[in-house]
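Now for the letters of each chain:
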There are 2 protein chains.
Amino acid sequence: MKILVLGAAGMIGRKLVERIVKDGGVGGKPVSGMLLFDVVAPKAPADAPFPVEVQAGDLGEPGRCEGLVAGRPDLIVHLAAIVSGEAEADFEKGYRVNLDSTRNLFEAIRAIGGGYKPRVVFTSSIAVFGQPFPKDGITDEFNLTPLTSYGTQKAIGELLLADYSRRGFLDGVGIRLPTICVRPGLPNKAASGFFSGIIREPLNGKEAILPVAETTRHWHASPRAAIGFLLHAATMDTAPLGQLRSLTMPGLSVTVGEQIEALRRVAGDTVAARIRREPDPVVQGIVAGWAERCQPERAQSLGFKAETSFDEIIQVYIDDELGGRVPG
Amino acid sequence: MKILVLGAAGMIGRKLVERIVKDGGVGGKPVSGMLLFDVVAPKAPADAPFPVEVQAGDLGEPGRCEGLVAGRPDLIVHLAAIVSGEAEADFEKGYRVNLDSTRNLFEAIRAIGGGYKPRVVFTSSIAVFGQPFPKDGITDEFNLTPLTSYGTQKAIGELLLADYSRRGFLDGVGIRLPTICVRPGLPNKAASGFFSGIIREPLNGKEAILPVAETTRHWHASPRAAIGFLLHAATMDTAPLGQLRSLTMPGLSVTVGEQIEALRRVAGDTVAARIRREPDPVVQGIVAGWAERCQPERAQSLGFKAETSFDEIIQVYIDDELGGRVPG
Ligand SMILES: NC(=O)c1ccc[n+]([C@@H]2O[C@H](COP(=O)([O-])OP(=O)(O)OC[C@H]3O[C@@H](n4cnc5c(N)ncnc54)[C@H](O)[C@@H]3O)[C@@H](O)[C@H]2O)c1
Ligand SMILES: NC(=O)c1ccc[n+]([C@@H]2O[C@H](COP(=O)([O-])OP(=O)(O)OC[C@H]3O[C@@H](n4cnc5c(N)ncnc54)[C@H](O)[C@@H]3O)[C@@H](O)[C@H]2O)c1
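What counts and what doesn't
- Residues numbered from 1 in each chain as written.
- Chains lettered and ligands numbered in written order.
- Predicted model: local features only at pLDDT ≥ 70, side-chain atom pairs only at ≥ 80, totals over all residues.
- Heavy atoms only, no water.
- Contact = heavy atoms within 4.5 Å.
- Buried area = accessible area lost by both parts, 1.4 Å probe.
- Salt bridge = Lys/Arg side-chain N within 4 Å of Asp/Glu carboxyl O.
- Polar contact = N/O pair within 3.5 Å; in protein donor to acceptor, adjacent residues only side chain to side chain.
- Helix = DSSP H or I, 4+ residues; strand = E, 2+ residues; numbered from the N terminus.
- Least-squares fit on C-alpha atoms with pLDDT ≥ 70 in both.
- Buried < 20%, exposed > 50% of the residue type's maximum accessible area, 1.4 Å probe, protein only.
- Pairing = 2+ DSSP bridges.
- Axes fitted to C-alpha atoms, helices over the stretch in contact; angles between N-to-C directions.
- Core = buried A, V, L, I, M, F, W, Y, C linked by side-chain atoms within 4.5 Å.
- pLDDT = per-residue confidence, 0-100.
- Disulfide = S-S within 2.5 Å.
- Near = heavy atom within 4 Å.
- Areas by Shrake-Rupley, 256 points an atom, 1.4 Å probe, with all protein chains shown as cover.
- Nonpolar A, V, L, I, M, F, W, Y, C, P; charged D, E, K, R; others polar.
- Expected span 1.5 Å × (residues − 1).

As recorded in an unreviewed UniProt entry, chain A goes by the name Nucleoside-diphosphate-sugar epimerase, listed as coming from Enterovirga rhinocerotis.

Structural data, given as structure tokens:
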């Protein structure tokens, strides 16, 4: 099995590559080679049991997608995107990266023809949904009503994925990721950053700012769960999907208050006390339009799994990023 | 008010132009000029009480959209599209005409800037919906699940319309038209053609072929209702739409059997006897995925109106196309 990972230098991409290298295969199938691509040069993994090639460049470059699929990868994991905040700030860049690059990729695959039909895993987002929501959570039949350009671009990607799959050009699975929490690394400027920040920073001995009320509810899964989604989407039987190629992933609906309580249980009062309330009406306004809760019945019935408590989500961060040690 | 009509030589375009010329205005506002565009040269209406310019060309030509919006029309009615069957047969042409041209148009509008924000009426279709449907009909919250490339292209058009509206580049209203029935003119190759054919041909003394069962249920409105939708969308207050810019239009859910009964009531047994049953599994397969019934509550509450009986729909055809005379 040959694998192409686009956006391989990103947070999820790096973890995915690491996991595949560790496993030596995907879903029990051995990997014969991997091509990693990103606008930021991806780091080649050490000790991979199969050849790994690394390329840096922009998916929007003429001929780039054609070159990337020329080796006819069996699995393409498409993670390359700019985030919500950047797509909102730079309208043209958002459409260029998040829409045109996706379409370029699908067109490059279609151009190969001759029965070539790779599995394509497309990372969509719950940002395809916008208020007003059904009271009991977003069902699998709920309309896509994005309230951001990023969400619009992801929703269009889902529609293209379904049509290219229906026409037999590729075998697509779109996964609508929850907000991935706890995101490792430095704080970033995403409006959603605080959901991870209020856990990660205190665990690392630093102060975190909470710009919203503790009653704010949101839909989360860990990076480890996200990698599980990707690997399952990479190998699942797609026949039961029919024409509905995109799935809302399982996750956990918790309030910020519940996140903080979990942090207190897992790491103690001193750590939880490192959160400073600093209400920010702008962030509050953005977050108010976001998904609070989903009912991901299709994905669950198809075998996708996520955490069931926020304590678990914090524990994943401690295990995977802090070497398993709960700091004081 | 300056108006630009794209796809002005089509069935709906011709009727819309005729009506605006007759009324001399739109929603009580006088028209100061009109530009008609189509790949087939539109006919300039006789006796228009305002200047009418006619241009022929392809919306996909470089610079074409920029040229068309350079006069800063206040209202743009975007009807240009290729139909379902053609978009399915020619994948590339479908995306070029139905998706790229729409995006070119929106980009040309955005490029003008400086507060220019025309009302854009985009004609979408119930083809954005695909099976499986809710039992009681398609609600306003139902997911867009197109099962054709045409439906995919229309759904993407809706998403772009919403995002460009949200960003303030245009003031969009998307209207999901029912199947327009009775379509005047010659029989065409659309899979939906028989819905009109079984009424139009018998009324004109000719035999019509019915390829599906009489139990086949579908969602209809007359051409006159469609023009009403367009004119209402052109002048309505868009504030109540919020971010949800596309609306399922009202229509009438009837079976083919009910259509035939209405024909018998309106035009008699001799006319209704001109329908020949010739089951076609291919057409049956296509039609099986189509919308049977909608619950267009939002559109109705916003003042959109359609016929409430199929007798009425037949009468519209007799009035508008046959000079009001019921043929024998
Ligand atoms: N992390 C989340 O909470 C979350 C939630 C929903 C969806 N997603 C989606 O999952 C995917 C991966 O998320 P992530 O958190 O790893 O994001 P990330 O920002 O860490 O990684 C995305 C990668 O794409 C690369 N990229 C951007 N533009 C590119 C271009 N033109 N050509 C090539 N590469 C380009 C970036 O350099 C980056 O390394 C993205 O598509 C994202 O939209 C993430
Ligand atoms: N008639 C229906 O039942 C129905 C139902 C749902 C939606 N619609 C939509 O309503 C709109 C009008 O429908 P109609 O029945 O009048 O269709 P039509 O086919 O009669 O008219 C469409 C017009 O667009 C023109 N056109 C096509 N490609 C073009 C291009 N590249 N540049 C410029 N012009 C181009 C065609 O020449 C044609 O005159 C279409 O967008 C259609 O998809 C129609």
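From this point, the discussion proceeds with the structure in view.
Novice: Just give me the short version of the interface of chain A and chain B, but keep the residues and values in it.
Specialist: Across the contact, 32 residues belong to chain A and 32 residues belong to chain B. Between chain A and chain B, the buried area comes to about 2,800 Å², and carbon and sulfur atoms account for 55% of it. Summed over the shared surface of chain A and chain B, the number is eight salt bridges. Applying the counting criterion to the chain A and chain B interface returns 20 residue pairs in polar contact (both at pLDDT 80 or more). Of all elements in the fold, only α3 (84-89), α4 (91-112) and α5 (149-166) of chain A reach the threshold of two or more residues within the side of chain A that touches chain B.

Novice: Would you mind going over the relation of the copies chain A and chain B in detail, with residue names and values included?
Specialist: The relation between the two chain copies is a rotation about an axis coupled with a shift along that axis. Once turned by 180° and shifted 0.0 Å along the axis, chain A lies on chain B with an RMSD of 0.0 Å. The transformation just described matches what one would write down for a two-fold rotation axis. Using C-alpha coordinates, one finds that chain A approaches the rotation axis most closely at Asn143 of chain A, a distance of 1.9 Å. A shared interface surface links the copies, since 100% of the contact residues of chain A are contact residues in chain B too.

Novice: Kindly report on the pattern of salt bridges, identifying the contributing residues and their values.
Specialist: Residues and elements named next belong to chain A. Across all of its chains, the model carries 44 salt bridges over all chains by this definition. Between Asp23 and Arg19 there is a salt bridge; the shortest N-O distance is 2.9 Å. Of this pair, Asp23 and Arg19 both sit in helix α1 (residues 11-23), separated by four residues, roughly a single helical turn. The partner of Arg245 in a salt bridge is Asp171, with the nearest N and O atoms 2.7 Å apart. Taken together, the residues span a long stretch of sequence, with Arg245 in the loop between α7 (223-235) and β12 (246-248) and Asp171 in strand β8 (residues 171-177) at a distance of 74 residues. Note on Asp171: relative accessible area 14%, which makes it buried.

Novice: Kindly report on the sheet that holds strand β9 (residues 179-180) of chain B, identifying the contributing residues and their values.
Specialist: All names here are of chain B. Judged by pairing direction, the sheet is mixed, and its three strands sit side by side in the order β9-β11-β13 without closing on themselves. Sheet topology places β9 and β13 (252-255) at the edges, where each strand pairs with a single neighbour. Sheet topology note: the β9/strand β11 (residues 217-221) ladder contains two bridges and is parallel. Within β11, the position partnered with Thr179 by the bridge is His220. On the sheet, helix α8 (residues 256-267) packs against β11 and β13 and is oriented at approximately 90° with respect to β13.

Novice: Give a detailed account of the sheet that holds strand β13 (residues 252-255) of chain A, specifying residues and quantitative values.
Specialist: Pairing in this open sheet of three strands is mixed, and the strands run β9-β11-β13 (chain A) from one edge to the other. Edge strands, defined here as strands with exactly one partner in the open sheet, are β9 (179-180) and β13 of chain A.

Novice: Break down the nonpolar core for me, with residues and values.
Specialist: Core analysis: the biggest nonpolar cluster contains 75 residues, and Leu6 and Ile76 of chain A together with Ile76 of chain B have the highest contact counts within it. Dropping the residues within four chain positions of it, Ile76 of chain B is found in contact with Leu4, Leu6, Val69, Leu105, Ile109, Tyr116, Pro118, Arg119, Val120 and Val121 of chain B. Membership of the second largest hydrophobic core comes to 39 residues, among which are Met1, Leu177, Leu230 and Met249 of chain B.

Novice: I'd love a proper account of the confidence of the model for chain A, names of residues and values included.
Specialist: For chain A, mean pLDDT is 96; residues scoring 70 or higher make up 100% of the total. For this predicted complex, the interface score ipTM comes out at 0.96, alongside a pTM of 0.97.

Novice: Provide a residue-level description of the state of the cysteines, including the pertinent values.
Specialist: All names here are of chain B. Counted by the stated rule, this structure contains zero disulfides over all chains. Here Cys181 is not cross-linked by a disulfide; its sulfur's nearest cysteine counterpart is in Cys294, at 15 Å. Owing to a relative accessible area of 0%, Cys181 belongs among the buried residues under this scheme.

Novice: With reference to specific residues and values, describe the site of ligand 1.
Specialist: Residue and element names in this part refer to chain A. What surrounds ligand 1 is a group of 26 residues, the closest being Ile12, Asp38, Tyr150, Lys154 and Arg183. In the model, an oxygen atom of ligand 1 is placed 2.6 Å from a nitrogen or oxygen of the Tyr150 side chain. Protein chains bury 88% of the 810 Å² of accessible surface belonging to ligand 1 in isolation. Elements with a minimum of two residues in the shell around ligand 1: α1, β4 (33-38), β7 (119-125), α5 and β9. Among the elements that take part in the shell around ligand 1, β7 stands out by supplying three residues, more than any other. The class makeup of the residues in the shell around ligand 1 is 15 nonpolar, seven polar and four charged.

Novice: An account of helix α8 (residues 256-267) of chain A is requested, with residue identities and associated values reported.
Specialist: Residue and element names in this part refer to chain A. In a regular helix each residue adds 1.5 Å, so twelve residues correspond to 16 Å; α8 covers 16 Å between its end C-alpha atoms and thus fits that length. Within the span of α8, buried status applies to Val256, Gly257, Gln259, Ile260, Ala262, Leu263, Val266 and Ala267. Gly268 lies just past α8 and shows a positive phi near 95°.

Novice: Give a description of the site of ligand 2 that names residues and reports values.
Specialist: Residues and elements named next belong to chain B. Not every one of the 26 residues close to ligand 2 is listed here, only the nearest: Ile12, Asp38, Tyr150, Lys154 and Arg183. One of the backbone N or O atoms of Gly10 is found 3.1 Å from an oxygen atom in ligand 2. At a separation of 2.6 Å, an oxygen atom of ligand 2 approaches a polar side-chain atom of Tyr150. Here ligand 2, which alone exposes 820 Å², has 88% of that area covered by the protein. For the shell around ligand 2, the elements supplying multiple residues, two or more each, are α1 (11-23), β4 (33-38), β7 (119-125), α5 (149-166) and β9. Among the elements that make up the shell around ligand 2, the one with the highest residue count is β7 (three residues). Here the shell around ligand 2 is built from residues that sort into 15 nonpolar, seven polar and four charged.

Novice: So what's going on with the environment of Gly197 of chain B? Residues and values would help.
Specialist: Residues and elements named next belong to chain B. Relative to the elements of secondary structure, Gly197 occurs in helix α6 (residues 193-203). Spatially, the C-alpha atom of Gly197 lies 14 Å from that of Val283, the residues being 86 residues apart in sequence. Ignoring sequence-local partners within four residues, the contact set of Gly197 consists of Pro202 and Ala208.

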